[in-house]
Amino acid sequence: MKQKLDTLWFGMLIGLVMPVAMLYLFVQNNTFDGFSLRAILDLASTNSMIVKLLCISIFPDMGAVFLLNTWEMWRACRGVFASLFLFIAISAIFVVINSCFLFNISTKKLWDN
């Protein structure tokens, strides 16, 4: 059974599902009543909170890497690392977009004066 689960695709599945589940649980447990998930994500994307949420949601993957490494499931561990790099790339894209957006707002204020 261990050899059947030791695949790159199984590791990527773990690496993609666990952060999404963690993000959902974190948002549901730490928000005010009355906000929908869509409203929370809209709010998070406007003030660069989405990057922090993505970073928090990666923590279960680190535990999965530790367990897969302990169980010597090397291919699955590589899959989790691949999905981790995907989440890091998404976070970097959000950082660049938010910094460009904030830079445009601050330069507009300078030029308006």
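Counting from 1, residues in each chain are numbered in the order their sequence is written. The model is predicted, so local features are restricted to residues of pLDDT at least 70 and side-chain atom pairs to those at 80 or more, both for listing and for counting; the totals for chains, interfaces and linings are taken over all residues. Water and hydrogen atoms were dropped before computing side-chain values, which therefore reflect all heavy atoms in the structure.

Moving on to the overall build of the chain. Helix and strand labels come from DSSP, where a helix needs a run of H or I of at least four residues and a strand needs a run of E of at least two; each type is numbered from the N terminus. Scanning the chain from N- to C-terminus turns up six helices and zero strands. Secondary structure elements of the chain occur, N-terminal to C-terminal, as α-α-α-α-α-α. Buried means the residue's accessible area, taken with a 1.4 Å probe over protein chains only, is under 20% of the maximum for its type, while exposed means over 50%, and partly exposed covers the values in between. By the burial criterion, 27% of the 113 residues in the chain qualify as buried. In the chain, once contacts between residues fewer than 6 apart in sequence are set aside, the share between residues at least 24 apart is 77%. Every accessible area reported is derived by Shrake-Rupley at a probe size of 1.4 Å, with residue values counting cover from the shown protein chains alone. For the chain, the exposed surface amounts to about 8,200 Å²; the carbon and sulfur share of it is 72%. We call two residues in contact when some of their heavy atoms are within 4.5 Å.

Among the secondary structure elements, Asp61 is positioned in helix α5 (residues 59-70). All tallies of charge rest on Lys and Arg as positive and Asp and Glu as negative; His and the ends of each chain are not included. By salt bridge we mean one thing: a side-chain nitrogen of Lys or Arg within 4 Å of a carboxyl oxygen of Asp or Glu. For the buried Asp61, which has no salt bridge, the nearest side chain bearing the opposite charge is Arg78, at an N-O separation of 16 Å. Leaving out residues up to four positions away in the same chain, Asp61 has contacts with Ile14, Gly15, Met18, Pro19, Val80, Ser83 and Leu84.

Before going further, it helps to spend a moment on the pattern of salt bridges. Inspection of the entire model under this criterion finds one salt bridge. The salt bridge partner of Arg75 is Asp6, with a shortest N-O separation of 3.9 Å. Placement of the pair is Arg75 in helix α6 (residues 74-112) and Asp6 in the loop between α1 (2-5) and α2 (8-29), with a sequence separation of 69 residues. In this structure Asp6 comes out as buried when scored by relative accessible area, which is 12%.

A word on the side chain of Ser57. Within the element layout of this structure, Ser57 appears in helix α4 (residues 49-57). Ser57 gets classed as buried once you look at its relative accessible area, which sits at 1%. Among all residues touching Ser57, those that are not within four sequence positions of it are Pro19, Met22 and Leu23.

Next up on the list: the confidence of the model for the chain. Confidence per residue, as judged by the predictor, is encoded in pLDDT with a range of 0 to 100. Confidence in the prediction for the chain averages 79 pLDDT; 77% of positions are at 70 or higher. Within the chain, α5 carries the highest mean pLDDT (91), whereas helix α3 (residues 37-46) carries the lowest (69).

As a further point, take α5. Taking 1.5 Å of rise per residue, the twelve residues of α5 would be expected to cover 16 Å, and the 17 Å separating its terminal C-alpha atoms lies within 8% of that figure. Every buried residue of α5 is accounted for by Pro60, Asp61, Ala64, Val65 and Leu68. Seen from one end, α5 has its buried residues packed into an arc of 145 degrees, which puts them on one side. Of the exposed residues in α5, the ones pointing more than 90 degrees away from its buried face are Phe59 and Phe66. Looking one or two residues past α5, Glu72 carries a phi angle of roughly 55 degrees, positive in sign. One less than the number of residues in a helix, times 1.5 Å, gives the span that helix is expected to have. Directions pointing from the helix axis toward each C-beta atom define the arc.

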